[in-house]
Amino acid sequence: MKRLLKLGVVTATLMMASAVPAFAQIEDTVDLEALNVFVMTLYLVVATGLVFMMHAGFSMLEAGLSRQKNVANIIGKNLLTITLGIVTYYAVGWAVMYGDLVGGFIGTSGFFLSDATGGAGELITTEIDFAFQAMFAATAATIVSGAVAERIKFGSYLVVVVALTALIYPVVGAWQWGGGWLDELGFYDFAGSTIVHLTGGVAAFVGAAILGPRLGKYGKDGKPRAIPGHNIAFVSLGTLLLFFGWFGFNGGSVLELDGPLLGHVIVTTSLAGAGGGLAAAFYTRLKNGKFDVAMTANGILAGLVGVTAGPDVISHLMALLVGLIAGVLVAVSVAAIDRAGIDDVVGAASVHGVCGVLGTLWVGLAHVEDGLFYGGGAAQLGYQAVGVVATIAWVGITTGVLFTALKAAGFLRVPEQEEIEGLDVHEHGVPGYPELVYGAGSSSSGYVPGAAAAPAPRTAATSD
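Just so it is clear, the model here is predicted, and its values are computed rather than measured.

Engineer: Looking at this structure, I do not really get the overall build of the chain. What am I missing?
Structural biologist: For the chain, the helix and strand inventory stands at 16 helices and 4 strands. For the chain, the proportion of its 464 residues judged to be buried stands at 51%. Within the chain, contacts between residues separated by at least 24 positions form 77% of all contacts whose residues are at least 6 apart in sequence. Summed over all atoms, the accessible surface of the chain reaches about 19500 Å², with 69% contributed by carbon and sulfur.

Pasting the structure below:
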């Protein structure tokens, strides 16, 4: 046996020695630059796919937290958000965000991706960079969908998607990721706690406020009433899909094949999401005596939003801590916004807006350099605060004008009777659950006005 082992070692050594010249010859013939471009492209293709998957998560989360009579409308909005968002960002948004900047504020070149180079001499090609960034643009827009659910007109929501992906979000992106004035100031947002999530969160808050609450949401005494969603399984599925997609959201934002850095980003992302879910679950248990499943889902998302500004520059413990804080903060914020008379169906303003602020400021508080905690200093915290205030002002003003104009034109909200009967049959011609209109076992393929008795009027406070 020993002789056989020795013979095997000698044979393997001779084979490797003889292979050295051949390997060197192969290396001489391989275009290492092209290989690097291919590997980087493949890495971003995977990350793009993961972020794309988040839109399935948003669809399920919003559908589950809404009522049955509005499910088709929710799915329709999410389908059009990703499709219309990609095309709009291709035509205009990319240029505004990454074109030649005017005054560090807005890009002015590259419309319809005319600056695409095909990747000659570049490690990351313009095309794959665009595809990855387009997913982020659509994400910022779809955050609004859940907040204004169950009463916004479908057409007016599409106008909001176009405005967000063509101008509002890309301008914020240009300020930092496009090399604009916030980037020069020293503001830091690795994957978008402010650029993506705060932008979407502010737009969601403004939209919900101007749109007004759903029928039956508030009693005569002004106190909010719970309007339960119809499918907690959808909520759970959507949350887990979003958690899964976040590994591409943050991991893809590394934008280089740096193994240790990528591993660190994935770990901090995981810890923050886990911390958020745990904190929200136990907070609701202590406060209400029950573990709130929907709020646990929001806590997971809040933790993920909270870590997104700095998953590369904070420690494991600080990632867990920001998640724990975000999980409690989101529960407190959802209740406060509800009491203030703002009907945000899915808590989007709290998850993405409030916790987006937390995550952005956290970079100034918990930054680590060369493995040592130093907090970023007062200057960094100041830069982060400037970015937050500027984003809230820009998005608040632009979306405020947009929603107010739509409302003034009578184009914002569906009529009361349509809201009572459900947006599915009136906006899309088919219910998400046909048995609600036709009865169990019906073979009807679509809703025909007048062909069946209209659903009995119900208040929005009921969970149908």
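Engineer: Would you mind showing me how to read the pattern of salt bridges here?
Structural biologist: Opposite charge on two side chains lets them pair, provided their charged atoms get close. Applying the stated criterion across every chain yields a total of 5 salt bridges. We note a salt bridge from Asp343 to Arg214, for which the minimum N-O separation is 2.8 Å. With a gap of 129 residues between them, Asp343 in the loop between α11 (316-339) and α12 (348-366) and Arg214 in the loop between α7 (193-211) and α8 (232-251) connect regions that are remote in the sequence. Accessibility classification places Asp343 together with Arg214 in one group, the buried group. For Lys217, the salt bridge goes to Asp338, with nearest N and O atoms at 3.3 Å. Of the two residues, Lys217 is situated in the loop between α7 and α8 and Asp338 in helix α11; the sequence distance between them amounts to 121 residues.

Engineer: Honestly, a nonpolar patch on the surface in this entry has me stumped. Any pointers?
Structural biologist: Taken together, the side chains of Leu32, Leu35, Phe38, Val39, Leu42, Val45, Val46 and Leu257 define a hydrophobic patch exposed on the protein surface, amounting to about 700 Å² of accessible area. Among the secondary structure elements, Leu42 is positioned in helix α2 (residues 32-65).

Engineer: Help me understand the nonpolar core in this model?
Structural biologist: The biggest cluster of nonpolar side chains holds 102 residues, and the ones touching the most others in it are Tyr89, Tyr169, Phe249 and Phe403. With 13 residues, helix α4 (residues 126-147) is the largest single contributor of residues to this core.

Engineer: Help me understand the side chain of Ser59, please; the structure alone is not making it clear to me.
Structural biologist: With respect to the helices and strands, the residue Ser59 is situated in helix α2. Here His55 takes part through its backbone oxygen, which lies 2.9 Å from a polar atom of the side chain of Ser59. Setting aside chain neighbours within four positions, we find Ser59 in contact with Ile74, Ile75 and Asn78.

Engineer: When you look at the packing of α7 against α12 in this model, what are you seeing that I'm missing?
Structural biologist: Helix packing for two helices is described by the angle between their axes and how far apart those axes are. Running from amino to carboxyl end, α7 crosses α12 at an angle of 145 degrees, the nearest separation of the two axes being 7 Å. The hand of the α7/α12 crossing is left-handed. Residue-level contacts link Ser193, Thr194, His197, Leu198, Gly201, Ala204 and Phe205 of α7 to Ala348, Ala349, His352, Gly353, Gly356, Val357, Gly359 and Thr360 of α12. Partitioning the contact of α7 with α12 into residue classes produces 6 nonpolar, 9 polar and no charged.

Engineer: Honestly, the environment of Thr139 in this entry has me stumped. Any pointers?
Structural biologist: The residue Thr139 is located in helix α4 in this model. When its relative accessible area of 0% is taken as the criterion, Thr139 is described as buried. Spatially, the C-alpha atom of Thr139 lies 9.4 Å from that of Thr165, the residues being 26 residues apart in sequence. The contacts of Thr139, once residues within four sequence positions are left out, are Val51, His55, Phe58, Val196 and Phe249.

Engineer: Would you explain the packing of aromatic side chains in this entry?
Structural biologist: Pairs of aromatic rings are described using the distance from one ring centre to the other and the angle between the two planes. Taken as a whole and judged by the stated rule, the model has 16 aromatic pairs. When the centroid spacing of 4.8 Å and the interplanar angle of 45 degrees are considered together, the rings of Trp94 and Tyr98 count as tilted. Of the two residues, Trp94 and Tyr98 both sit in helix α3 (residues 71-98), 4 residues apart, roughly one turn of that helix. The class of Tyr98 is partly exposed, set by a relative accessible area of 22%. Site record: aromatic cluster; members linked through ring pairs are Tyr89, Tyr90, Trp94, Tyr98, Phe112 and Phe130.

Engineer: Help me understand the confidence of the model for the chain in this model?
Structural biologist: If pLDDT is low for a region, its predicted coordinates should not be looked at in detail. Considering every residue of the chain, the mean pLDDT works out to 88; 84% of them sit at 70 or more. Predicted confidence for residues 1-20 stays below pLDDT 50, and this span has 0 contacts to residues more than four positions away or in other chains. A low-confidence stretch, residues 441-464 (pLDDT under 50), is modelled with 39 contacts involving residues beyond four sequence positions or located in other chains.

Engineer: Can you help me understand the packing of helix α9 (residues 259-288) against helix α10 (residues 293-307) in this one?
Structural biologist: Between α9 and α10, the least distance of the axes is 7 Å, while the angle of their chain directions is 145 degrees. The chirality of how α9 crosses α10 is right-handed. Across the interface between the two elements, Thr268, Thr269, Ala272, Gly273, Gly276, Gly277, Ala280, Ala281 and Thr284 of α9 pack against Met295, Thr296, Gly299, Ile300, Gly303, Leu304 and Val307 of α10. Of the residues that constitute the contact of α9 with α10, the class distribution is 7 nonpolar, 9 polar and no charged.

Engineer: Help me understand unusual backbone geometry in this model?
Structural biologist: Trans peptide bonds make up the majority, and among non-glycine residues the majority have a negative phi. Although it is not a glycine, Leu113 sits at a positive phi angle of roughly 55 degrees. Although it is not a glycine, Glu150 adopts a positive phi angle of roughly 75 degrees. Secondary-structure assignment places Glu150 in the loop between α4 and α5 (154-176). Taking relative accessible area as the criterion, Glu150 reaches 1% and is therefore assigned buried.

Engineer: Would you take a moment to explain the environment of Gly229 for this structure?
Structural biologist: Turning to its location among the elements, Gly229 is positioned in the loop between α7 and α8. The spatial distance from the C-alpha of Gly229 to the C-alpha of Ser66 is 4.5 Å, given a sequence separation of 163 residues.

Engineer: Before we go on, may I ask you to explain α7 in this structure?
Structural biologist: Three or four residues apart is the spacing at which side chains of an α-helix point the same way, because the helix has 3.6 residues per turn. When the terminal C-alpha atoms of α7 are compared, their 25 Å separation across 19 residues agrees well with the 27 Å that a helix rising 1.5 Å per residue should span. Here α7 lies mainly inside the structure; 17 of its 19 residues are buried. Phi turns positive one or two residues past the end of α7, at Gly212, with a value near 90 degrees.

Engineer: Would you take a moment to explain the side chain of Asn70 for this structure?
Structural biologist: Note that Asn70 resides in the loop between α2 and α3. Looking at Asn70, the relative accessible area reads 0%, which means it is buried. Reaching out from Asn70, the side chain makes a polar contact with the backbone nitrogen of Leu423 at a distance of 2.8 Å. Apart from residues no more than four positions distant in its own chain, Asn70 is found in contact with Glu150, Gly422, Leu423 and Asp424.

Engineer: Would you mind showing me how to read the environment of Tyr43 here?
Structural biologist: By the secondary structure assignment, Tyr43 is in helix α2. Judged by its relative accessible area of 13%, Tyr43 is buried. Distance from Tyr43 to Gly251, taken between C-alpha atoms, is 9.7 Å for residues 208 residues apart in sequence. A distance of 3.3 Å separates the side chain of Tyr43 from the backbone oxygen of Gly252, its partner in a polar contact.

Calculation notes
Residues numbered from 1 in each chain as written. Predicted model: local features only at pLDDT ≥ 70, side-chain atom pairs only at ≥ 80, totals over all residues. Heavy atoms only, no water. Helix = DSSP H or I, 4+ residues; strand = E, 2+ residues; numbered from the N terminus. Buried < 20%, exposed > 50% of the residue type's maximum accessible area, 1.4 Å probe, protein only. Contact = heavy atoms within 4.5 Å. Areas by Shrake-Rupley, 256 points an atom, 1.4 Å probe, with all protein chains shown as cover. Salt bridge = Lys/Arg side-chain N within 4 Å of Asp/Glu carboxyl O. Patch = residues over 30% accessible without salt bridge, like charges linked within 9 Å, V, L, I, M, F, W, Y side chains within 5 Å. Core = buried A, V, L, I, M, F, W, Y, C linked by side-chain atoms within 4.5 Å. Polar contact = N/O pair within 3.5 Å; in protein donor to acceptor, adjacent residues only side chain to side chain. Axes fitted to C-alpha atoms, helices over the stretch in contact; angles between N-to-C directions. Left-handed = near helix turned anticlockwise from the far one by under 90°. Nonpolar A, V, L, I, M, F, W, Y, C, P; charged D, E, K, R; others polar. Phe/Tyr/Trp six-rings, centres within 6.5 Å; stacked < 30°, edge-to-face > 60°. pLDDT = per-residue confidence, 0-100. Expected span 1.5 Å × (residues − 1).

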